[in-house]
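Structural characterization, general
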Amino acid sequence: MIRRIGRDNIPRDRREKLDAINFAWISTRKCGSSFMSNFRLIKEKLDKCCLVCQDQDTTQNTDEDCVKEVLNDVDVKKWIRAQADAAKNGNLSDARIDFMDQLPGISWRNI
């Protein structure tokens, strides 16, 4: 959404903060949702940390060290926190909240 508004059409202090974190003002993605791309990547990593019962949608065993290793990735943690902040502020759709709730082994709202 920020890209659509444009760099020159947002308050200077916000623009400077985005510049400081190297915000990409021009999207490099060709298609697909950035949310879904990140979600799939993180879910795949967390799935490897958990043994999921095939007959039920419940986690049987979670390797906590593995989960910690996934969450030690700065980009992963930053993305999950951004989703939690968006949800807290009412800016995350119900569909995306449902996807986030599928991440095994973590309580994403509390990261």
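In case you missed it, the structure is sitting above this.
To keep things clear, this report deals only with the structure shown in the data block. This structure is a prediction, so every number in the text was calculated from the model and none was measured.

Describing the packing of aromatic side chains
- All told, the structure shown has four aromatic pairs when counted by the stated rule.
- Between Phe35 and Phe39 the ring centres are 6.2 Å apart and the planes differ by 5°, which places this aromatic pair in the stacked class. Here the residue Phe35 and the residue Phe39 both occupy positions in helix H3 (residues 34-47), the gap between them amounting to four residues, near one helical turn. We note that Phe35, like Phe39, is buried.
- The exposure class assigned to Phe35 is buried, which follows from its relative accessible area of 5%.
- Each member of the aromatic cluster is reached from another via a ring pair, and the members are Phe35, Phe39, Trp79 and Phe99.

Notes on the nonpolar core
- Grouped together as the largest cluster of nonpolar side chains are 22 residues, with contacts concentrated most on Ile80, Ile106 and Trp108.
- Residue assignment for this core shows that the elements contributing at least two residues are H3, helix H4 (64-71), helix H5 (74-88) and helix H6 (94-100).
- Looking at this core, the element that brings in the most residues is H5, giving six residues.
- Leave out the neighbours within four places in its chain, and Ile106 touches Leu46, Val67, Leu71, Ile80 and Ile111.

Comments concerning the state of the cysteines
- Using the criterion set out here, one finds one disulfide in the structure.
- Residue Cys49 pairs covalently with Cys66 via a disulfide, S to S 2.0 Å. Here the disulfide of Cys49 and Cys66 is left-handed, its torsion about the S-S bond being about -65°. Placement of the pair is Cys49 in the loop between H3 and strand E1 (50-52) and Cys66 in helix H4, with a sequence separation of 17 residues.
- Among the residues examined, Cys49 registers a relative accessible area of 4% and is labelled buried.
- The partly exposed category is assigned to Cys66, whose relative accessible area is 22%.
- Cysteine Cys50 is unpaired, with the sulfur of Cys49 as its nearest cysteine sulfur at 5.9 Å.
- Its relative accessible area of 5% is what places Cys50 among the buried residues.

Thresholds applied
Residues numbered from 1 in each chain as written. Predicted model: local features only at pLDDT ≥ 70, side-chain atom pairs only at ≥ 80, totals over all residues. Heavy atoms only, no water. Phe/Tyr/Trp six-rings, centres within 6.5 Å; stacked < 30°, edge-to-face > 60°. Helix = DSSP H or I, 4+ residues; strand = E, 2+ residues; numbered from the N terminus. Buried < 20%, exposed > 50% of the residue type's maximum accessible area, 1.4 Å probe, protein only. Core = buried A, V, L, I, M, F, W, Y, C linked by side-chain atoms within 4.5 Å. Contact = heavy atoms within 4.5 Å. Disulfide = S-S within 2.5 Å.

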